[in-house]
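Coordinates in review
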Amino acid sequence: MKKVALVLRCFIAALWMHGAAFLGLVIYVLTLGLGLEWIRSAYLPFCSRVFLGIFGLNVRVMGLLPKTEQPVVWICNHRSTLDIFVILSLGLPHTRYFLSDFLQRIPAFFIVGRLLKTFWTPAQTFPERRIQLFQRAADTLRLSRESVFLTPEGERIDSRLVGKFNKGAFHLAMDLRRPVAPIFVDTPDDISPGRSWRLRAGTVTVSFLELIEAPQFHADRLPVFIQEVRTVFLQRAMAQLG
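The notes below deal with the structure included here.

Definitions and limits used
Residues numbered from 1 in each chain as written. Predicted model: local features only at pLDDT ≥ 70, side-chain atom pairs only at ≥ 80, totals over all residues. Heavy atoms only, no water. Helix = DSSP H or I, 4+ residues; strand = E, 2+ residues; numbered from the N terminus. Rg over C-alpha atoms; globule rule 2.2 N^0.38 Å. Buried < 20%, exposed > 50% of the residue type's maximum accessible area, 1.4 Å probe, protein only. Contact = heavy atoms within 4.5 Å. Areas by Shrake-Rupley, 256 points an atom, 1.4 Å probe, with all protein chains shown as cover. Polar contact = N/O pair within 3.5 Å; in protein donor to acceptor, adjacent residues only side chain to side chain. Axes fitted to C-alpha atoms, helices over the stretch in contact; angles between N-to-C directions. Parallel < 35°, antiparallel > 145°, perpendicular 65-115°, else oblique. Nonpolar A, V, L, I, M, F, W, Y, C, P; charged D, E, K, R; others polar. Patch = residues over 30% accessible without salt bridge, like charges linked within 9 Å, V, L, I, M, F, W, Y side chains within 5 Å. Salt bridge = Lys/Arg side-chain N within 4 Å of Asp/Glu carboxyl O. 1 Å grid on protein atoms, 1.4 Å probe; cavity = no way out; pocket = protein on both sides within 12 Å on 5 of 7 lines; lining within 4 Å. Points joined across faces, edges and corners; volume = space filled by probe spheres on them.

1. Points about the overall build of the chain
The secondary structure content of the chain amounts to seven helices and seven strands. When the elements of the chain are put in sequence order from the N terminus, they spell out α-α-β-β-α-β-α-β-α-β-α-β-β-α. Relative to its length of 242 residues, the chain is compact, with a C-alpha radius of gyration of 18 Å against a globular reference of 18 Å. Viewed in the frame of its principal axes, the chain has a C-alpha envelope of about 55 × 50 × 35 Å. By residue count, 49% of the 242 residues in the chain fall in the buried class. Looking at the chain alone, contacts between residues at least 24 apart form 75% of all its contacts between residues at least 6 apart. Of the accessible surface of the chain, which amounts to about 12,500 Å², a share of 61% is contributed by carbon and sulfur atoms.

2. Observations concerning the side chain of His78
Relative to the elements of secondary structure, His78 occurs in the loop between strand E2 (73-76) and helix H3 (82-88). Separated by 2.8 Å, the side chains of His78 and Asp83 make a polar contact.

3. A short note on the side chain of Ser147
Mapped onto the secondary structure, Ser147 falls in strand E5 (residues 147-150). Within the structure, the side chain of Ser147 is placed 2.9 Å from the backbone nitrogen of Val72, a separation counted as a polar contact. With near-sequence residues (within four places) excluded, Ser147 lies in contact with Pro71, Val72, Trp74, Pro93, His94, Thr95, Arg96 and Leu141.

4. Here's the deal with the packing of helix H1 (residues 2-30) against helix H2 (residues 36-54)
Where H1 meets H2, the closest approach of the two axes is 10 Å, and the angle between their N-to-C directions is 170°. Overall, the two elements H1 and H2 adopt an arrangement that is roughly antiparallel. Note on element contacts: H2 touches H1 through Leu36, Trp38, Ile39, Tyr43, Phe46, Cys47, Val50, Phe51 and Ile54, opposite Arg9, Ile12, Ala13, Trp16, Met17, Ala20, Leu23, Gly24, Ile27 and Tyr28. Across the contact of H1 with H2, the residue classes tally to 17 nonpolar, one polar and one charged.

5. A word on a nonpolar patch on the surface
Together, Leu8, Phe11, Ile12 and Leu15 give the surface a local cluster of nonpolar side chains, amounting to about 400 Å² of exposed area. In this fold, Phe11 is placed in helix H1.

6. Some points on empty space enclosed by the protein
Under the definition given, this model contains three cavities of 30 Å³ or more. Approximately 160 Å³ is the volume attributed to the largest cavity. Met17, Leu44, Phe85, Leu88 and Val112 are the residues nearest the centre of the largest cavity, which is lined by 13 residues in total. Counting only elements with at least two residues in the lining of the largest cavity, the list comes to H1, H2, H3 and helix H4 (107-115).

Here's what the structure looks like:
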């Protein structure tokens, strides 16, 4: 019976996800794109919470969105498949996203990615393509004055600790001279699906941490900045483990 219930939930969730994505596209078209910020800050958070709720998952948010007049570079630790839905449920304002290129194979993500003007990130095995993408993204964000979200670990690290941080997010923050806005996502071991889609009921806790100012770009300063930010996440992870 448990397997049947899980399959049924997955079917309902897939229908909801794709139906919500299509309706979002309709809203975007009917408003001639003017409804984009409402889609970002209200519609997608609602849809994401319903999706998680189908599996009995809740998101508990600790603290308030950081108040800043300038755009920021949002980052979070990346433990599992849940993270993208958890982050979308927050309604990050005026924000574009970096998402893994393979997610475009899922129609719902293909549609939502186009609505949000997502930067699709090639795999680590294509370093030149990744460099070109980040260069284009920096130019675009400099003009649009939007915030951006990405995960410095790149791939999912199924551990309550923190994996190795890649340099892309920090190079971008230093290049744009924008603060890093850390989001710590605490997913308990017993509900983390890791790289799978085996979602289980429980509560994911999200904490907004203090903004971290990005120094002026210098090649020698980059690894130091990365380690400073990673230390913040490591300390929070250790505190959660108690």
